[in-house]
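Breakdown of the fold
Each chain, letter by letter, is given below.
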There are 2 protein chains.
Amino acid sequence: MTRVSRQASRLVADTPAIAEAHFRAEAYPYHPRLRRDGWLNLGTAENRLLADLHTGQRPPPLGEATTRYAPLYGTAELRERVAGHLGVDAEDLVVVAGATAALDVIASVLCDPGDGIVVPTPYYGAFDTDLAGRSGARLLPAPPDPADGYGLWPEGVRRVLAQARRAGTVVRAVALASPGNPTGSVHPAALLRELAAVAAEFGVDLIADEIYAGSVFEGDFTSLREIDGPRVHTVWGFAKDFGLSGLKAGVLHTPDPDVREAARALAYFAPLSTHTQAVLAELLAEPVRVTAFLAENRRRLGISYERAAGLLRAYGIPYAPARAGCSVWADLGAWLPPAGERALWRDILDGTRVSILPGEAFHAPRPGWFRVCHSLDAALVAEALTRLGRFLDGKGGPRGEGRQHTAGTAGSLV
Amino acid sequence: MTRVSRQASRLVADTPAIAEAHFRAEAYPYHPRLRRDGWLNLGTAENRLLADLHTGQRPPPLGEATTRYAPLYGTAELRERVAGHLGVDAEDLVVVAGATAALDVIASVLCDPGDGIVVPTPYYGAFDTDLAGRSGARLLPAPPDPADGYGLWPEGVRRVLAQARRAGTVVRAVALASPGNPTGSVHPAALLRELAAVAAEFGVDLIADEIYAGSVFEGDFTSLREIDGPRVHTVWGFAKDFGLSGLKAGVLHTPDPDVREAARALAYFAPLSTHTQAVLAELLAEPVRVTAFLAENRRRLGISYERAAGLLRAYGIPYAPARAGCSVWADLGAWLPPAGERALWRDILDGTRVSILPGEAFHAPRPGWFRVCHSLDAALVAEALTRLGRFLDGKGGPRGEGRQHTAGTAGSLV
């Protein structure tokens, strides 16, 4: 009998709930005519609003340049194009097979097994696997801003770092999604500066997953690498901003030469298809076209968010106001049964066939929060949120537009 | 100052010589008119004989099916096609970003850090990184057949397994390339059966890197999974048989349900672009076309090998007779200077600008062997081997066609 390694057993046991829920929901999708009893998948932050902008694009043909060995940390051509797009130096980029791989690479470069990475909550649930699954790092959750229950709170990060220091835990980095996921929030530059100061105080690096950098539909975005320099490692990709989740193209930017050399060595295990790199290089070939494409992405995401938020308001479901990304962070705390969040999640699945992910999957500091993704066909979102709203109505609980969010968010109607 | 993890430091220090030599040699390639002082790269086992068969092939367009999330261990469509091609069950396949990733996956599934994998020498040098770099396994080299100095020798494997058992080392697997690399040999089925018996005797799994399965130009090939069943894990890919090294498409076949589940979990870190999977599924769509393609591959490799072997014979350079793959294992032992193999390698690089890899990179049991790749433009191979032959002539040493191989190979003219 073959025995499976400890790491592999752990990975099997910890398979990200997000990935699992996605494929279950996608296996039998709702269709207004063909499968009215099908699933509505609002559980996956996949940007499906841009398909028509790509459809029919002919990829470059197969040939020497697109099928031969190329540097395993990215072709010079793609790195140059991405560098132009992000406004960085191509030498500082490492291209790998997806943002997950990029997160795994940077965590494995920074951490020995057992080392800590502090992560402000709520956080993208797959960080548990992406950052810790292969590196052996331990994620130390930091609390959100107590004022609203979900905002970035540098003081909370400082406290966890101080506590870890007292406990003798070696911490190598603070990691966060910026813009935020699941919240869709854009962390204010002042808070990012505070966070950088905290990291500097404790001598730890910063890892920013900026995969939604081009998906901010309200206000501006500042990359963490513009705020703090030498010890900031950022991750980006084509899944969200370009709606190309299946191409599995992840990019790591790091200004540190030692980290870069190590990241290149690790990229050897997860290279991106040379042909797909050629497809992406072509996509970025004309900056004017890219600018127009991203403007259209932001426009569509903004409309999609407003529609979803409107439906949540119509059913009296509070939520955290979002300015970016594919999801909204909704508070179903008022409908929480005594059996808890997981019971509510199952009730919703069974009662509506709508897949949304519970806050537990994002290390939410209290039960009742759910991530609701909206970046898909508007009719599907409307069907799903109507089902959800009616279902919650049937259970009793709050109702009525204009209800204030329980945790309160200064000035915003939630 | 950012400190790099122990694993990352080790990977930087151990960057496979093969990859490094490749990109150095490719940076300034020889051209008969434009760069007569350029490099001739016979160091990389890249199959460059098939480019014209792909050139102009239009890949499928970008669209929902080719750009959306798909199962991270391979789309159902590609796994079905590969299953048909290899004659296995699609459920037993895990598709990842390259054969390196597939080897990393299976080693990480089978081994805890410190566990051993026995590998008969000479072996594909990158195994050191592919099998051990991230899994933390230790490779235990086993000696080749003493009769010729390079053939598969199950008894040698048995001795290493017995020794490891006495030393208290936990060994999880025996790994080998089949067909062989660097030797290009096709291991006789009888020897593979003996090897399987040895593995069974010690209760260890078998890992067979069968990436050259469709590149056997003389005689038949038997997959190890046809010889032994439940504990054989095989790796295959599109780099050699289809000449598509840049697409980084690796396939792991495993019949064990626990291993498969664990391998799928690890595939999460190195998924293959959905679009590239669609390209490959299309390539395999018509079995008749695939059969013709592979026949042409074998024909071209056979011609290429015969040409290279003829040149080696013309300069009196002994070699192990090959029946598969992209390389020939040449014995320059007669020209070995007192300073050793590395000195000869440097002499050749400086004196000829021909890149071939020394046996040290393949854990050859004695110095003097070199792997000479021949699967590229015939004129380049001729130029390179002529330079090499003249260079060796200039150093003195043996000369003359028909010289017997020093180690002797029963019945074969080497």
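Residues numbered from 1 in each chain as written. Chains lettered and ligands numbered in written order. Predicted model: local features only at pLDDT ≥ 70, side-chain atom pairs only at ≥ 80, totals over all residues. Heavy atoms only, no water.

Another point: the overall build of chain A. Secondary structure summary: chain A contains 15 helices and 13 strands in total. Relative to the 2.2 N^0.38 estimate, which gives 22 Å for 414 residues, the radius of gyration of chain A is 21 Å and therefore close to what a compact globule would have. Each principal axis of the C-alpha distribution contributes one length, and for chain A these read about 60 × 60 × 55 Å. Within chain A, buried positions represent 62% of all 414 residues. In chain A, once contacts between residues fewer than 6 apart in sequence are set aside, the share between residues at least 24 apart is 72%. Carbon and sulfur atoms make up 52% of the accessible area of chain A, which amounts to about 14700 Å² in all. In chain A, which carries 43 positive and 46 negative side-chain charges, the distance between the mean positions of the two groups comes to 5 Å. (Helix = DSSP H or I, 4+ residues; strand = E, 2+ residues; numbered from the N terminus. Rg over C-alpha atoms; globule rule 2.2 N^0.38 Å. Buried < 20%, exposed > 50% of the residue type's maximum accessible area, 1.4 Å probe, protein only. Contact = heavy atoms within 4.5 Å. Areas by Shrake-Rupley, 256 points an atom, 1.4 Å probe, with all protein chains shown as cover. Lys, Arg positive; Asp, Glu negative; His and termini not counted. Charge placed at Lys NZ, Arg CZ, Asp CG, Glu CD.)

Further remarks concern the pattern of salt bridges. Enumeration according to the criterion identifies 48 salt bridges over all chains in this entry. Residue A:Asp52 is joined to A:Arg300 by a salt bridge in which the shortest nitrogen-to-oxygen separation is 2.6 Å. With A:Asp52 in helix 3 (residues 51-54) and A:Arg300 in helix 13 (residues 287-314), the pair connects residues that are 248 residues apart, well separated along the chain. Note that B:Arg158 is salt-bridged to B:Glu201, the shortest N-O span being 3.9 Å. You can see B:Arg158 sitting in helix 8 (residues 154-167) and its partner B:Glu201 sitting in helix 9 (residues 189-202), a full 43 residues away along the chain. Residue classification places B:Arg158 among the partly exposed positions, given a relative accessible area of 28%. Taken together, the shared-partner salt bridges in this structure form one network comprising A:Arg3, A:Arg6, B:Asp112, B:Asp115 and B:Arg172. (Salt bridge = Lys/Arg side-chain N within 4 Å of Asp/Glu carboxyl O.)

So, on to helix 15 (residues 378-394) of chain B. Residue and element names in this part refer to chain B. For helix 15, spanning 17 residues, the distance from its first C-alpha to its last is 24 Å, which sits close to the expected 24 Å at 1.5 Å a residue. Every buried residue of helix 15 is accounted for by Val381, Ala384, Leu385, Thr386, Arg387, Leu388, Gly389, Phe391 and Leu392. Within two residues after helix 15, Gly396 carries a phi angle of roughly 80°, on the positive side. (Expected span 1.5 Å × (residues − 1).)

Take the interface of chain B and chain A next. Counting residues at the interface gives 79 residues for chain B and 80 residues for chain A. Taking both sides of the interface into account, the surface hidden between chain B and chain A amounts to around 6800 Å²; carbon and sulfur atoms contribute 56%. By the criterion of area lost to chain A, the three top residues of chain B are B:Tyr69, B:Arg134 and B:Phe269, representing 13% of everything that side buries. Across the salt bridge formed by A:Glu46 and B:Arg68, the nearest N and O atoms sit 2.7 Å from each other. On the surface where chain B and chain A come into contact, there are 45 residue pairs in polar contact (both at pLDDT 80 or more). Listed by contribution, the elements that provide at least two residues to the side of chain B that touches chain A are helix 1 (6-13), helix 2 (17-27), helix 3 (51-54), helix 4 (64-67), helix 6 (99-110), helix 7 (127-132), helix 11 (257-267) and helix 12 (274-283) of chain B. In terms of residue class, the side of chain B that touches chain A is built from 35 nonpolar, 23 polar and 21 charged. (Buried area = accessible area lost by both parts, 1.4 Å probe. Polar contact = N/O pair within 3.5 Å; in protein donor to acceptor, adjacent residues only side chain to side chain. Nonpolar A, V, L, I, M, F, W, Y, C, P; charged D, E, K, R; others polar.)

Right, let's get into the sheet that holds strand 3 (residues 116-120) of chain B. All names here are of chain B. If you walk across this open sheet you meet the seven strands as 2-8-7-6-5-3-4, and the pairing is mixed. Each edge of the open sheet carries a strand with a single partner, namely strand 2 (93-96) and strand 4 (138-142). Recorded for the sheet is a direction-independent mean angle of 25° between the axes of neighbouring strands. (Pairing = 2+ DSSP bridges. Axes fitted to C-alpha atoms, helices over the stretch in contact; angles between N-to-C directions.)

So, about the pairing of strand 5 (residues 171-177) of chain B. All names here are of chain B. Taken across its seven residues, strand 5 has six buried, putting it largely inside the fold. Alignment of strand 5 against strand 6 (residues 205-209), held across five bridges, turns out to be parallel. Bridged to Val174 within strand 6 is Leu206. One crossover worth recording links strand 5 to the parallel strand 6 by way of helix 9, and it is right-handed. (Right-handed = clockwise from strand over helix to strand, strands pointing away.)

All right, on to the sheet that holds strand 13 (residues 369-373) of chain A then. All names here are of chain A. One open sheet accounts for four strands, arranged 9-10-13-12; its pairing is antiparallel. For this open sheet the edge positions go to strand 9 (319-320) and strand 12 (357-358), each flanked by a neighbour on one side alone. Taken together, the two bridges between strand 9 and strand 10 (residues 327-331) define a ladder with antiparallel strand orientation. Note that in strand 10 the partner of Ala320 across the bridge is Trp329.

Further remarks concern the relation of the copies chain B and chain A. The two copies are related by a screw motion: chain B maps onto chain A through a turn of 180° and a shift of 0.0 Å along the axis, at an RMSD of 0.0 Å. Such a combination of turn and shift is consistent with a two-fold rotation axis. Judged by C-alpha distance, B:Ala270 is the residue of chain B that lies nearest the rotation axis, at 2.4 Å. (Least-squares fit on C-alpha atoms with pLDDT ≥ 70 in both.)

Next up on the list: the state of the cysteines. This structure, assessed with the given rule, holds zero disulfides over all chains. Note on B:Cys326: no disulfide assigned, nearest cysteine sulfur contributed by B:Cys373 at a separation of 6.8 Å. (Disulfide = S-S within 2.5 Å.)

Now for the packing of helix 14 (residues 341-352) of chain A against helix 15 (residues 378-394) of chain A. All names here are of chain A. Running from amino to carboxyl end, helix 14 crosses helix 15 at an angle of 115°, the nearest separation of the two axes being 10 Å. When you trace helix 14 past helix 15, the crossing you get is right-handed. In contact with Asp347, Ile348, Gly351 and Thr352 of helix 14, helix 15 contributes Arg387, Leu388 and Phe391. (Left-handed = near helix turned anticlockwise from the far one by under 90°.)

What follows covers the pairing of strand 13 of chain A. Residues and elements named next belong to chain A. In terms of residue burial, strand 13 counts as a mostly covered element, since five of its five residues are buried. The alternating pattern of strand 13 places Trp369, Arg371 and Cys373 on one face and Phe370 and Val372 on the opposite face, and all of these are buried. Relative to strand 13, strand 12 runs antiparallel, the two sharing two bridges. Its bridge partner lying in strand 13, Pro358 is registered against Phe370.

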